[in-house]
Amino acid sequence: MRLADSPRRNHWWNVPFHVTGAGITTRPMGSDPVFAVDFDFIEHRLVVVTTDGRRESFSLRGLSVAGFHSAFVDVLTRAGVDPSPIVEATPFDLPDAGRRFADDTEHATYDEDAVATYWQTLSRVNLILEEFCGRFSGKTSPVHHFWHTFDIAATRFSDTIVAHDATSDSVTREAYSREVVSFGFWFGDESYPAPAFYSYTSPEPAGLSSCALPSGAEWLDRGASHLAVYPLAAVREAPDQAAAILDFFEAAYRGGATLAGWDIERYACSGGVTDPVHAAAKGDRLG
């Protein structure tokens, strides 16, 4: 629905979810009516709300993927939203990508405790990423949650254009049309089955995996690239976990950005402040 009904943003920024005080949201989209879709992970419901006052919802409990899809189409229709963009939808980049969501009765598990922990984890990481974003005055993505890999991430960009060859798909070309250093947290996958904070630089400069990382973090060889990872288990050993995560992000950023030739000092932003008057006054008080 975001792909179909939201204004296009560079690097697909219009598509991901965002964290709320009760779950995650699509944010407003559409035009007639303007609507949003919210996952409420306190009440465990999906809610469709419109700016003309309509509100429709259903319980997330006890549904297969097909059951969820059917209920979602129904609440969109009742709210006056055209559901046609998703009626025939299929998964993206998953083993069963050829099977419609409407036909998937195989996946039918909803674990309320796991879902609550997932959302609470995203909420905490969201604030740490927001703080880290405030340290950079250049082009930075929102802190957003990707429904594809279920990571929460933020990305710093240079203005250097990246040329892609003919083998790159349109999703990749748009996402990585500029040099980036990206940061985030994900719950693991088959190749790395543990929750971890991560960072990568794209295109990857030579020597990146030799850059120093804090104790407990490492460079993971992903074949064509390297991923800096800081396992959640190692983070939990730190006396100040938020500071340890921020130190990891900073080390990975400085390693990648330095090798890529970015002007690190130009874009440094202390405490989220770019106002030189405020910065000077702060320096006087410290003095």
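To be clear, the structure that these remarks concern was listed above.
Here the structure is a predicted model, which is why all the values come from computation and not from measurement. (Residues numbered from 1 in each chain as written. Predicted model: local features only at pLDDT ≥ 70, side-chain atom pairs only at ≥ 80, totals over all residues. Heavy atoms only, no water.)

Novice: Please clarify how the overall build of the protein chain should be interpreted in this entry.
Specialist: Across its full length, the protein chain carries 8 helices and 11 strands. Referenced to the eigenvectors of the C-alpha coordinate spread, the extents of the protein chain come out at roughly 60 × 45 × 40 Å. Considering the protein chain as a whole, with its 287 residues, one finds that 42% of them fall into the buried category. In the protein chain, the proportion of contacts linking residues at least 24 apart, taken out of those at least 6 apart, comes to 51%. Counting every atom, the protein chain has about 15,000 Å² of accessible surface; 53% of that belongs to carbon and sulfur. Between the centroid of the 23 positive side chains of the protein chain and the centroid of its 39 negative side chains there is a distance of 5 Å. (Helix = DSSP H or I, 4+ residues; strand = E, 2+ residues; numbered from the N terminus. Buried < 20%, exposed > 50% of the residue type's maximum accessible area, 1.4 Å probe, protein only. Contact = heavy atoms within 4.5 Å. Areas by Shrake-Rupley, 256 points an atom, 1.4 Å probe, with all protein chains shown as cover. Lys, Arg positive; Asp, Glu negative; His and termini not counted. Charge placed at Lys NZ, Arg CZ, Asp CG, Glu CD.)

Novice: What exactly am I supposed to notice about the packing of helix H4 (residues 112–133) against helix H7 (residues 241–260) here?
Specialist: The relative placement of two packed helices is expressed as an angle between their axes plus a distance between the axes. For the pair H4 and H7, the least separation of the axes is 10 Å and the interaxial angle reads 45°. Taken as axis vectors, H4 and H7 run oblique relative to one another. Once H4 is placed against H7, the crossing between them reads as right-handed. Of the residues in H7, those in contact with Ile128, Leu129, Glu131 and Phe132 of H4 are Ala242, Ile245, Leu246, Phe249, Glu250 and Tyr253. When its residues are assigned to classes, the contact of H4 with H7 shows 8 nonpolar, no polar and 2 charged. (Axes fitted to C-alpha atoms, helices over the stretch in contact; angles between N-to-C directions. Parallel < 35°, antiparallel > 145°, perpendicular 65-115°, else oblique. Left-handed = near helix turned anticlockwise from the far one by under 90°. Nonpolar A, V, L, I, M, F, W, Y, C, P; charged D, E, K, R; others polar.)

Novice: I tried to follow H7 on my own but got confused; where do I start?
Specialist: Note: α-helices contain 3.6 residues per turn, so residues at a spacing of three or four share the same orientation. With 20 residues, H7 ought to run about 28 Å at 1.5 Å a step, and its terminal C-alpha atoms sit 29 Å apart, in line with that. All buried positions along H7 are accounted for by Ala244, Ile245, Leu246, Phe248, Phe249, Glu250, Ala252, Tyr253, Gly255, Gly256 and Ala257. Of the surrounding secondary structure, the elements contacted by the buried residues of H7 are H4, strand S7 (152–161), strand S8 (178–186), strand S9 (196–202), strand S11 (226–231) and helix H6 (232–235). Taken from the residues just after H7, glycine 261 is the one with a positive phi, measuring 85°. (Expected span 1.5 Å × (residues − 1).)

Novice: How do you make sense of the sheet that holds S9 when you look at a structure like this?
Specialist: Through backbone hydrogen bonds, the strands of a sheet pair up, either in parallel or in antiparallel fashion. Here we have 6 strands laid out as an open sheet, ordered S6-S7-S8-S9-S11-S10, and antiparallel in their pairing. Because the sheet does not close on itself, it has two edges, and the strands there are strand S6 (144–145) and strand S10 (218–221). Relative to S8, S7 runs antiparallel, the two being bridged by 7 bridges. Bridge pairing links isoleucine 152 to phenylalanine 185 in S8. H4 contacts S6, S7, S8 and S9 of the sheet and is inclined by roughly 35° relative to S7. The strands that H7 touches are S7, S8, S9 and S11; relative to S9, the one it contacts most, it runs at about 10°. (Pairing = 2+ DSSP bridges.)

Novice: Before we go on, may I ask you to explain the packing of aromatic side chains in this structure?
Specialist: Centre distance and the angle of the planes are the two values used to describe a pair of aromatic rings. Under the defined criterion, the tally for this structure stands at 26 aromatic pairs. On the numbers, 5.4 Å between centres and 50° between planes, the contact of phenylalanine 132 with phenylalanine 249 is tilted. Here phenylalanine 132, found in helix H4, pairs with phenylalanine 249, found in helix H7; they are 117 residues apart in sequence, far enough to count as distant. Residue class for phenylalanine 249 comes out buried when judged on its relative accessible area of 0%. For arginine 156, the ring lying beneath its charged end belongs to phenylalanine 132, and the centroid distance is 3.9 Å. (Phe/Tyr/Trp six-rings, centres within 6.5 Å; stacked < 30°, edge-to-face > 60°. Lys NZ or Arg CZ within 6 Å of the ring centre and 35° of its normal.)

Novice: Honestly, the pattern of salt bridges in this entry has me stumped. Any pointers?
Specialist: It is possible for side chains of opposite charge to pair when their charged atoms get near one another. For the structure shown, the criterion picks out 14 salt bridges. Across the pair aspartate 103 and arginine 100 runs a salt bridge whose closest N-O atoms are separated by 2.9 Å. Salt bridges linked by common partners bring Asp96, Arg99, Asp104 and Glu106 together as one network. (Salt bridge = Lys/Arg side-chain N within 4 Å of Asp/Glu carboxyl O.)

Novice: Just checking my understanding: could you explain the side chain of serine 6 for this structure?
Specialist: Within the secondary structure layout, serine 6 lies in the loop between helix H1 (2–5) and strand S1 (18–19). Of the polar contacts made by the side chain of serine 6, one reaches the backbone oxygen of arginine 2; its length is 2.5 Å. A distance of 2.9 Å separates a polar atom in the side chain of serine 6 from a polar atom in the side chain of asparagine 14. In contact with serine 6, not counting residues within four places along its chain, are Met1, Asn14 and Met29. (Polar contact = N/O pair within 3.5 Å; in protein donor to acceptor, adjacent residues only side chain to side chain.)

Novice: Just to check I follow, could you spell out a nonpolar patch on the surface for this structure?
Specialist: Nonpolar side chains collect at one region of the surface, where Leu3, Phe92, Trp147, Phe150, Val171 and Phe187 lie side by side and expose about 540 Å² of accessible area between them. Following the sequence through the fold, valine 171 ends up in helix H5 (residues 170–175). (Patch = residues over 30% accessible without salt bridge, like charges linked within 9 Å, V, L, I, M, F, W, Y side chains within 5 Å.)

Novice: How do you make sense of the sheet that holds S1 when you look at a structure like this?
Specialist: If you trace the 5 strands from one edge of the open sheet to the other, you get S1-S2-S3-S4-S5, paired in antiparallel fashion. Looking at which strands have only one partner, the edges of the open sheet turn out to be S1 and strand S5 (55–59). Sheet analysis places S1 next to strand S2 (residues 23–25), joined by 2 bridges and oriented antiparallel. Residue pairing for S2: histidine 18 is matched across the bridge by threonine 25.

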